[in-house]
Amino acid sequence: MTDLQQTPSARQDAGRSVPWWSDAVIYQIYPRSFADADDDGMGDLAGVTGRLPYLAQLGVDAIWLSPFYVSPQADAGYDVADYRDVDPLFGSLQDFDTMLAAAHERGIRVIVDLVPNHTSDEHVWFKEALNSKRGSRARDRYIFRDGKGGHGELPPNNWQSVFGGPAWSRLMEVDDGSALGPQWYLHLFDSKQPDLNWENPEVQEEMISVLRFWLDRGADGFRIDVAHGLIKEEGLPDWSGQAGMVEGESPTVEATNIEDEEQARMGGPEESDAGRSPMFDQDGVHDIYRRWNEVLAEYPGNRMLVAEAWVEPAERLARYIRQDEMQQAFNFDFLLAGWDARRMAKSIEESLNAASSVGSPSTWVLSNHDTIRHTTRFGLQDPTNFPKGVGSDDEQPDEALGLARARAATLLMLALPGSAYIYQGEELGLPEHTALDSDVRQDPSFFRTQGAEKGRDGCRVPLPWHSDAPGYGFGDYAASDAGPWLPQPASFKRYAVDRQDGIAGSTLEFYRSALAFRAEYRLGAGILEWSPLNKPGDGVLSFNNGSVLVFANLGTGPVDLPGDHSVALSSSPDAVDDTRLAPNATVWMLPEK
Ligand code: NOJ
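Here the structure is a predicted model, which means the values were calculated and not measured.

Our next topic: the overall build of the protein. The secondary structure content of the protein amounts to 19 helices and 21 strands. Its C-alpha atoms give the protein principal-axis dimensions of roughly 80 × 55 × 50 Å. The burial tally for the protein puts 61% of its 593 residues in the buried class. Partitioning the contacts of the protein with sequence separation of at least 6, the portion at a separation of at least 24 is 71%. If the 51 positive side-chain charges of the protein are averaged to one point and the 93 negative ones to another, these points end up 2 Å apart.

What follows concerns the confidence of the model for the protein. Per-residue confidence for the protein gives a mean pLDDT of 92; residues scoring 70 or more make up 92%. Low pLDDT, under 50, characterises residues 1-7; the predicted model gives this stretch 15 contacts beyond four residues in sequence or across chains. Scored below 50 in pLDDT, residues 247-273 makes 41 contacts in the model with residues more than four places away or belonging to other chains.

What follows deals with the packing of aromatic side chains. Enumeration according to the criterion identifies 29 aromatic pairs in this entry. With a centroid separation of 4.8 Å and 75° between ring planes, the pair formed by Tyr54 and Trp465 is classed as edge-to-face. Taken together, the residues span a long stretch of sequence, with Tyr54 in helix 3 (residues 52-58) and Trp465 in the loop between helix 16 (444-448) and helix 17 (492-495) at a distance of 411 residues. The two residues Tyr54 and Trp465 agree in class, both being buried. With 5.0 Å between their ring centres and 80° between their planes, Phe213 and Trp214 make a pair best called edge-to-face. An aromatic cluster is defined as three or more aromatic residues linked by ring pairs; in this entry it consists of Trp64, Trp310, Phe330, Phe332 and Tyr421.

Once that is clear, we can look at the domain arrangement of the protein. The domains assigned to the protein are domain 1 (3-117 + 201-513), domain 2 (118-195) and domain 3 (527-591). If you average the C-alpha positions of domain 1 and of domain 3, the two centres end up 28 Å apart. Each side of the interface is counted separately: domain 1 has 23 residues, and domain 3 has 24 residues. Buried area between domain 1 and domain 3, summed over both chains or domains, comes out near 1800 Å², and the portion from carbon and sulfur atoms is 75%. For the pair domain 1 and domain 3, the interface holds zero salt bridges. Elements with a contribution of two residues or more to the side of domain 1 that touches domain 3: helix 13 (341-357), helix 15 (399-414) and helix 19 (507-520). Per-element tally for the side of domain 1 that touches domain 3: the top contributor is helix 15, with eight residues. By residue class, the composition of the side of domain 1 that touches domain 3 is 16 nonpolar, two polar and five charged.

Reading the values: the criteria
- Residues numbered from 1 in each chain as written.
- Predicted model: local features only at pLDDT ≥ 70, side-chain atom pairs only at ≥ 80, totals over all residues.
- Heavy atoms only, no water.
- Helix = DSSP H or I, 4+ residues; strand = E, 2+ residues; numbered from the N terminus.
- Buried < 20%, exposed > 50% of the residue type's maximum accessible area, 1.4 Å probe, protein only.
- Contact = heavy atoms within 4.5 Å.
- Lys, Arg positive; Asp, Glu negative; His and termini not counted.
- Charge placed at Lys NZ, Arg CZ, Asp CG, Glu CD.
- pLDDT = per-residue confidence, 0-100.
- Phe/Tyr/Trp six-rings, centres within 6.5 Å; stacked < 30°, edge-to-face > 60°.
- Domains from an automatic or database assignment.
- Buried area = accessible area lost by both parts, 1.4 Å probe.
- Salt bridge = Lys/Arg side-chain N within 4 Å of Asp/Glu carboxyl O.
- Nonpolar A, V, L, I, M, F, W, Y, C, P; charged D, E, K, R; others polar.

Have a look at this one:
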């Protein structure tokens, strides 16, 4: 084994009964926006390396990096033109190796993003397909079809792109000599992201080779983009539903109570016509992950796969984490539960049950680069609302209330057994940028919906490291005209790392304490038992995990805390008044000695 293949010190795993990922705290790095080492306004891999001490001090077990591969950046790197190289925007392969070695040196694992559902239209395969005839081997790597209508002028079916507009584009400029005219190609996302044909063995082998490329370099795992989308229903039948990243979003959001939600998920009136979508969660995807599981097993160090699969219900999602498939799947049901005790309790219960039914641990997540930051969502009038972006004309959140609730939700999440994902900046309490100008927005969903969806740029704004530096120290812009690729709101000054580091009660110190406590009490490897004090109907969530009693108040008034326990950690400094817990707060308690 080369040095690069070494996983973090064997010392770390000594005495552990579970693989590292099963209770890991994994920190998501969005490379464009984490730290800019070459001061060009765009974050990079050297920036990650430079901030590893910060991440080690925070106490995370692993980092997951969103794509940094060669890409025209039509979807911020989720449009990959070369899976085996780093885009010069982010550095070089050498920078990756340096970053990975430095992370391992500190005992931090590294998960990279794999985007297997689609390539960029600038990938060599797609360029070849454009220059090849219908029916050719090159076209068969993608999903090309003749159009409907007398001259093939209509798309092959009625599917809509997740980002808005039709999911098909026609090769107008390429006429391959058929009476039917140029073909159409499928893109579930942007037209610059053509879907691969996963029925094609060449595609399957190529992606395994890409897996090996990064495994050989020492990657500890992969986050699998659109893991539920690779196989499409045979015949590509029409479907009247709207494909969304947040599958099942409407029922979850529109439901006014758990019973309504249940009905909607079971296929309530709005959904029954649409049925299960033919583009997602087809049974055939599981064969792919069984093979990948075997590939990973050839490597030492418990390498892992985590599915980005917006799949409901929990039992369907659990199929992705059967013992011979992936190790984890993001728990978007928990993320979608919003600030609502009953939904959260239900999600926790169902997630744990479904995961354990296949012998796997669950995961937990509240924010990522595709969703409104939870600090901001929880400050909206309806804290279960899930807008697709926020602009200055939209309702603006109550920032202080949102932050209090976000910290409370985080403390609740970090006490749950399983693995927890943290999105960069949430440890600072960063809010969404809710007033970005249209002319700086970059998310393709903003353009493909003609601005009806504001999109995801607001959660992707570069991090503030120094309150008094230009660009809040994201890079060093003192002597240049450059600045962060997206403008930061003025409020980021208050949230900058230097304003919080070492300050008792700051969100950063709160996260550091919570992660240290979680590790010390092995909460991620524990077992949840609902406490008799658990009353979701009254806004109170309470459970035991080992000796730790967790108490969260999602209601509107203070609630009594048990007298035989004392508070070990609380989500805000003024959360506890004598023996009562204020609303919008969570505490971890230990039995009185
Ligand atoms: C999910 C990713 O998280 C998102 O950012 C991306 O736009 C889509 N997949 C398409 O790759």
